[in-house]
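# Architecture at a glance
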Amino acid sequence: MAASSASSPAPESCGTALPLLRGEGLPPFEAITPGQVETAIPQLLEQLNAELTALEHTLQKRLQAISNGAAPLSWAELMEPLHHLGERLRWSWGVVSHLNGVCNSPELREAHQSQQGAVVVFGSRAGQSAVIYRALGQLLEQHQTSQPGETGHLDATQLRILEAERRDMQLRGVGLCGAEQEAFNAATTELARLASDFGNHVLDATNGWTLRLSDPAEVAGLPDSLRKLLAQAARQAGQEPGDADATAEHGPWLLGLDMPRVMPFLKYGARRDLRETVYRAQVARASSGELDNRPLIERILTLRGEQARRLGFASWAEVSLASKMAGSVGEVEQLLEELRAAAYPVAQQELEALRAIASRQGAPEADDLKPWDVAYWAEKLRQESFELDSEALRPWFPLEQVLQGLFGLCQRLFDIRIVSTDPGEAPTWHPDVRYFRVLDGASGASLAAFYLDPFSRPGSKRGGAWMDECLGRSHTAAGEPVLPVAYLICNQSPPVGDTPSLMTFDEVETLFHEFGHGLQHMLTTVERPQAAGINNVEWDAVELPSQFMENWCYDRATLMGMARHWQTGESLPEADYQKLLAARTFMGGSATLRQVHFALTDLRLHSVWSPDGGQSPEQLRRELARTTTVLEPIPEDAFLCAFSHIFAGGYSAGYYSYKWAEVLSADAFSAFEEVGLDVEDEVVATGRRFRDTVLSLGGSRSPAEIFEAFRGRPPSSEALIRHSGLVEA
Ligand SMILES: [Zn+2]
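First, a word on what this report is: a plain description of the structure on this page. The residue numbering used here restarts from 1 in each chain and proceeds along that chain's sequence as written. At least 70 in pLDDT is required for a residue's local features to be given in this predicted model, at least 80 for side-chain atom pairs to be given and counted, and no such filter applies to totals for whole chains, interfaces and linings, which use all residues. Note: side-chain values were computed over all heavy atoms of the structure, leaving out hydrogens and water.

Listed as protein donors to the zinc ion are His-513 (NE2), His-517 (NE2), Glu-543 (OE) and Glu-543 (OE); their distances from the metal cover 2.1 to 2.8 Å. When the donor residues of the zinc ion are listed from N- to C-terminus, their spacing reads H-x3-H-x25-E. Residue His-513 is found in helix H16 (residues 505-522), and its partner Glu-543 is found in the loop between H16 and helix H17 (544-551); the two are separated by 30 residues along the sequence. Judged by its relative accessible area of 26%, Glu-543 is partly exposed. For Na, K and Ca the donor cutoff is 3.2 Å, while for all other metals N, O and S atoms must lie within 2.8 Å; water is not among the atoms, so some sites may look incomplete. Per the convention used, a helix needs a DSSP run of H or I reaching at least four residues, while a strand needs a run of E reaching at least two, with both numbered from the N terminus. In this scheme, a residue with accessible area under 20% of its type's maximum is buried, one over 50% is exposed, and one in between is partly exposed, where area comes from a 1.4 Å probe on protein chains only.

Structure (structure tokens):
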């Protein structure tokens, strides 16, 4: 199939003995060692580089011949070898990255780090190949000059794959020439360095501030867990030897600006002056002296603007949106305004409610609440309105029962059956890992499979939860179908003795979330691997199925069906269910407004700000704050200097995606609410339609088209506004 392999220097002859180079099937996890990574990956990259060179050579000749009248270029000549190259790297490097996340060791981490640079270099080389870019252009031209059914005409999926490939290469600057391309590449390098400096400044500024507390009155109100954390920090800083429990009780305690210490301190710390001190330090991070990020922000924004113009776009926001579902800056602005308008009055009422409780409790600050009072009084209000102890709910959520609830829901909605396999049926990386098969409910045919690695393993497993692709839906070289296999990784408490793994409600939601990603990966019906499952799905639409599944955790039938006490079999008390519902929308106006403030600031900085517009990025943000915050930022608030998402991470002109995807998922769920969550026939029919559209079509069509196929109309923010508690029910 690969036009290139005929002319390649028989690259596969030397590597087939290494399990890491097998390139297909379930990975033999246990046979892979850190040592092999350092042998196999360089060998693989050498092969792939040689094959890429050969492919470029072949294409060069073909393009020349075509200009002299030879037969048109075929999909199989270009897209298949290209996919094959990428897939072999994905398979091998995917196993290494996976093991690095779930079976970490110093040796493996080092092996991973030692190869990562070379893997990135290969990706850049393929992504910036001028010959491949011209060949993609040739395929597109043939398509545009042919009629359906004629040679060279592409189907809708092929066209979307081709256009995405071309667009990604264009955004890497492949279409630029000479000095323009040199300037582009130089700016790309400088931007990477600036992003890394920005992140380091935030890190150094965060780590460079501490406050030593030694009087027990200073830690009044703090929960034990936080006192322990602060005491541990004091011991680690060498300020106190002593025994852990004794320090937690008697101090000293060391406060810092990292999230795990700052957030709970602002929430529980009874000493208002200390909350103020820590808040002022936190919002001023990286805004002065050597760590001042202000000059970096201006330079980053200026360079991004220049890069955009080189690529033919009016702004960096347009560059970002070129590969996303949102069609234009105007569309994003409109959504953010809808959310802002709904959230603003609610956030004002919420602030009033905080003033009221402060006043009821006789706090002198009641008439003059400051930003460092908000989290504190919100916590007091939460305790007063509904005491929800997330730890106390664990006995109602043993893992096995939650899985049965989740699988039962999937059977009901999507007509699939999920069956556990016997140990040993599939290779795994740890005894806790289970392997499940997904069968079609109607035909019983195998559709997919997934690994579930549910428990936390401090020290060897990365925190958090994620879904990743083990195998994608495709075909082997011999034409045999390959079924998708997903990795589902969570980090919940393991069983202890006879007690099973008991989950918090958050962990239940997380499992449903990751399973939603998994469903899109596993239930795909797309025949072309480049657009199957989550591949080729726009970044701002990829959270649709995952957040959609979270909604079911609040559905009475689903929740009550699985929440039963693991010892007594008793159902979750109604009062607790009501608390879960109340917690979901608690301070919902403020939370929405905060995200709108961040998203709009990000968008405007990347669409309207310019270095010679007479306004600093900081001034732009303060102007926006007038309509997107209910408490004005204090003078030393330099939030932008620590906005790493957009200046050091990958979210520039993309922060809005959080809300964009939530609109889609809430609106998708509202299709079920509309037909009635207790009208079984309708729920089933709507579930099947969700499977046949969102879950099955993946990246083969535009997300807008798929959403409309499911919902019968374009997305609306009404459901999200309602679910966030921003309108009267
Ligand atoms: Zn997700």
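Our focus in this paragraph is helix H3 (residues 106-127). An α-helix turns once per 3.6 residues; consequently, residues spaced three or four apart project the same way. One less than the residue count of a helix, multiplied by 1.5 Å, gives the span that helix is expected to have. The end-to-end C-alpha distance of H3 is 32 Å, a good match for the 32 Å that 22 residues give at a rise of 1.5 Å each. Bend angle per residue: angle between axes fitted to the 7 residues ending at that residue and the 7 residues starting there. Roughly 35 degrees is the biggest bend found in H3, and it falls at Gln-116. Of the residues making up H3, those classed as buried are Leu-108, Ala-111, His-112, Gln-115, Val-119, Phe-122 and Gly-127. Contact definition: two residues touch when any of their heavy atoms are within 4.5 Å. For H3, the secondary structure elements touched by its buried residues are helix H1 (34-67), helix H2 (75-102) and helix H5 (156-171).

Glancing now at a negative patch on the surface. Grouping into patches uses exposed residues only, defined as over 30% relative accessible area, and leaves out salt-bridged ones; the cut-off is 9 Å for like charges and 5 Å for nonpolar side chains (Val, Leu, Ile, Met, Phe, Trp, Tyr). Reported accessibility uses the Shrake-Rupley method at a 1.4 Å probe radius. Residues are deemed covered only where the shown protein chains occlude them. One side-chain nitrogen of Lys or Arg within 4 Å of one carboxyl oxygen of Asp or Glu is enough to make a salt bridge. In this charge count, Lys and Arg are treated as positive and Asp and Glu as negative; neither His nor the chain ends contribute. One atom stands in for each charge, and that atom is NZ of Lys, CZ of Arg, CG of Asp or CD of Glu. Together, Asp-224, Asp-243, Asp-245 and Glu-249 make up a region of like negative charge exposed at the surface. Summarising the element assignment, Asp-224 is placed in helix H7 (residues 224-236). For Asp-224, a relative accessible area of 57% gives the class exposed.

Bringing the sheet that holds strand E4 (residues 434-440) into the picture now. Two strands pair if DSSP finds at least two bridges between them. Reading across from one edge, E3-E4-E5-E9-E6 is the order of the five strands in this open sheet, with mixed pairing throughout. Either end of the sheet is taken by a strand with one partner, and the two such strands are strand E3 (416-420) and strand E6 (466-471). Across the sheet, the axes of successive neighbouring strands diverge by a mean angle of 25 degrees, strand direction being ignored. With five bridges joining them, E3 and E4 adopt antiparallel strand pairing. Looking across to E4, one finds that Ile-416 is bridged to Asp-440. Here an axis means a line fitted to C-alpha atoms, over the contact stretch when the element is a helix, while the angle between two N-to-C directions is reported on a 0 to 180 degree scale. Packing against the sheet, helix H15 (residues 399-414) makes contact with E3, E4, strand E5 (446-455) and strand E9 (485-492), and its axis sits at approximately 150 degrees to E3.

Now for the packing of H16 against H17. At a minimum axis distance of 7 Å, the contact between H16 and H17 shows a crossing angle of 140 degrees. With respect to H17, the element H16 is oriented oblique. The chirality of how H16 crosses H17 is right-handed. Across the interface between the two elements, Glu-509, Phe-512, His-513, Gly-516, His-517, Leu-519 and Gln-520 of H16 pack against Pro-545, Ser-546, Gln-547, Met-549 and Glu-550 of H17. In this count, Pro and Cys sit with the nonpolar residues alongside Ala, Val, Leu, Ile, Met, Phe, Trp and Tyr, while Asp, Glu, Lys and Arg are called charged and the others, Gly among them, polar. Broken down by class, the residue content of the contact of H16 with H17 amounts to four nonpolar, six polar and two charged. Any angle between 65 and 115 degrees counts as roughly perpendicular, while under 35 counts as roughly parallel, over 145 as roughly antiparallel, and the rest as oblique. It is the rotation of the near helix from the far one that decides the hand of a crossing: anticlockwise by less than a right angle makes it left-handed, clockwise makes it right-handed.

Further remarks concern the nonpolar core. Burial of nonpolar side chains together is a common tendency in soluble globular proteins. Take the buried Ala, Val, Leu, Ile, Met, Phe, Trp, Tyr and Cys residues and link them wherever side-chain atoms come within 4.5 Å; each set so joined is a nonpolar core. Among the nonpolar cores identified, the biggest contains 121 residues, and Phe-397, Phe-414, Phe-450, Phe-512, Phe-515, Met-549 and Phe-647 are the most heavily contacted of them. Setting aside residues up to four positions removed in sequence, Phe-515 forms contacts with Leu-406, Phe-407, Cys-410, Ile-418, Phe-450, Leu-488 and Met-522.

This brings us to the side chain of Glu-514. Relative to the elements of secondary structure, Glu-514 occurs in helix H16. Despite its burial, Glu-514 pairs with no opposite charge; the closest candidate is Arg-462, at 9.7 Å N-O. With sequence-adjacent residues up to four places away left out, Glu-514 is seen in contact with Ala-465, Trp-466, Met-467 and Leu-488.

Here the aromatic set is Phe, Tyr and Trp, taking the six-membered ring for Trp, and pairing holds for ring centres within 6.5 Å; pairs whose planes are under 30 degrees apart are stacked, those over 60 apart are edge-to-face, and all others are tilted. Evaluation of the coordinates by the stated rule reveals 38 aromatic pairs. Centre to centre, the rings of Phe-436 and Phe-450 are 5.0 Å apart; their planes meet at 15 degrees, and the pair counts as stacked. With Phe-436 in strand E4 and Phe-450 in strand E5, the pair connects residues that are 14 residues apart, well separated along the chain. By relative accessible area, which is 2% here, Phe-436 ends up buried.

Nothing here speaks to function; it is geometry throughout.
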